[in-house]
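# What the coordinates show
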Amino acid sequence: MAIENLSEDLLMEILWRLPVKSLLQLKSVCKNWYALIQSPNFVYLHHDRAASIAAAENTDCLLVKRFLNGGEGGVTLSFVPNETPVEDIDISSTGLDIKHLQILGPCNGVVCLTRFSSSSPIVLCNPSIKEFRVLPEPSYKNDHMCNLGFGFDPYMNDYKVVRFAVMSTDLPIRHIDERVEMYDLSKDSWRELDAESPVVSGFTCFNDSYASWNGDFFWYAYHKHGGSPVIMAFRMSDEAFEEMPVPEVCLLDQHSEKKLFVLDNSLAMVIYPNWWSNPFVFLPEEFSLEKSFDIWVMNEEDVEVSWTKKFTIGPFQQLDWALGFRLNGEFLVESGYGQMMSYNLNTQERKEYQVHDQVQGWPPPPNIQVLPYTWSLVSVKRHN
C-alpha cells in the first residue's frame, strides 16, 4: 500500500512516534500531512506520548540557562540531554535581559521568559521549534513590585500569564494601587481580573521560589505582618488565588532555603541550610560547608492538604543550591562553581554535568536555572 493511501488514523499512529525535528521536515511533504501534524489532537498526543516515554526511559531533556566563559561571554539557553549541552537557543531577538532571565514553566513544552520587572518584555517560547511570541505590554506599567505566573487552562485549552503589580503615587496624596491582570494566548491581549491580589490580602510572594504544576502556578509566600509562610496558588481555570499550608518545619525555621519544584507529578519543597541569610550566625573556624537537603512532597486529598518528608539527601560538600528534579526523579543541585550534579534518589548514584564553559575560577558564574523538558509541537505563533 502506498503511504499516501494510508488512513489518517494509521498515519497518525506512525507519525506521532517520530521526534519533533523529523515532523517539522515532514510538514512540507503535502497539505494533508501539514494539516495533521498541526492539528491540536496530534500535537497533544505527540507531547503526551513523549513525556510518558521520557519519564519511563530517562530520556527527558533539560532546558538550562547557562553562562559562557564564566559569565563574561554571555548567557544562553541550552538543551542538555546528558552530561553536556548539545544545542543553544538564540533569544537575543526578544529584547530580554538575558543575564537576569527567569524561566517559568514548562507547560506542554511552552515556557515563559521574563525578568520580573516592569521594564522587561514577557515572552512565550517553545524552544523545541524555536518559536517566540513577545507579549503586548500590560496596561499597568509603572509598578515597583511585580509577580508573574504562567500556566495552562485545560478547559479553555489556553495558555495564560497572570501578573499582579503594585504602584505607589506620591502626588498629591500617597496612594497604593494594586491590580491583577491576565494574558490569554488565544486573544493575545491583557485583561484585568476581579481576583484579590495576594498583596491586597497581606502576602509577599517570592520570585525565587515558585513552580508550575498541573497547569497552575505556585509561589512560596510570607504574610507581611505575622511573618507566617504559606503557599500561594493561582488556579488558571478558576482565575483565582488560593492559600495552601506549608510543611510545619517552615513555621519554625525562618532562615533555611525553601524551594518549590515538581517531583513525580506532585508539588514538592526542598528545604536546606542557608547560613549566609542570617548575619547573626557565628561560624567557627572548623565549620564545614556540608549541606543536607530535605525533600517534602504535598499530599492533596479532597480539600485537605498535608506534607510528608520523603527523603533526606546528604550531607554533601560544596553543593549550594537545589535546582529541581528530572522527570525520572533525579535530584539536581548546583555546586559552588556553578556546575550541576544529579543524584538518583533510589540508587544514590551521582553524575556531574559540564554546564558552563568554565568550571574553575573566581568569581564563580551566577546561579543557573534548570527545567525538565519534553519536546513539543505547540505553537505560540498561533494558538493550538
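Described below are features of the structure shown in this document. Values in this document were obtained by computation on a predicted structure and should not be read as measured data. (Residues numbered from 1 in each chain as written. Predicted model: local features only at pLDDT ≥ 70, side-chain atom pairs only at ≥ 80, totals over all residues. Heavy atoms only, no water.)

Reading across the sheet, the four strands line up as S12-S13-S14-S15 and stay open at both edges, with antiparallel pairing between neighbours. What marks the edges here is a single partner per strand, and that holds for strand S12 (203-213) and strand S15 (240-244). Going across the sheet, the axis of each strand differs from the next one's by a mean of 30 degrees, ignoring polarity. (Pairing = 2+ DSSP bridges. Helix = DSSP H or I, 4+ residues; strand = E, 2+ residues; numbered from the N terminus. Axes fitted to C-alpha atoms, helices over the stretch in contact; angles between N-to-C directions.)

On to helix H1 (residues 8-15). Those residues of H1 not exposed but buried are Leu11, Met12 and Leu15. The buried residues of H1 occupy an angular sector of 100 degrees when projected down its axis, which confines them to one face. Each element contacted by the buried residues of H1 is listed here: helix H2 (20-26), helix H3 (31-38) and helix H4 (40-57). (Buried < 20%, exposed > 50% of the residue type's maximum accessible area, 1.4 Å probe, protein only. Arc of directions from axis to C-beta. Contact = heavy atoms within 4.5 Å.)

Okay, the pattern of salt bridges next. Per the stated rule, a full pass over the model turns up eleven salt bridges. We note a salt bridge from aspartate 153 to lysine 160, for which the minimum N-O separation is 2.9 Å. With respect to burial, aspartate 153 and lysine 160 carry one shared label: buried. (Salt bridge = Lys/Arg side-chain N within 4 Å of Asp/Glu carboxyl O.)

So, about unusual backbone geometry. The amide bond that connects glycine 105 to the next residue, proline 106, takes the cis arrangement and shows omega of 0 degrees. With respect to the helices and strands, the residue proline 106 is situated in strand S4 (residues 102-107). Note the cis peptide between glycine 314 and proline 315, where omega equals 10 degrees. Inspection of the secondary structure assignment puts proline 315 in strand S19 (residues 304-317). Even without being a glycine, glutamate 239 presents a positive backbone phi close to 55 degrees. Topologically, glutamate 239 is positioned in the loop between strand S14 (229-235) and S15. Phi at asparagine 265 is positive, roughly 60 degrees, even though this residue is not glycine. What makes asparagine 265 exposed here is its relative accessible area of 55%.

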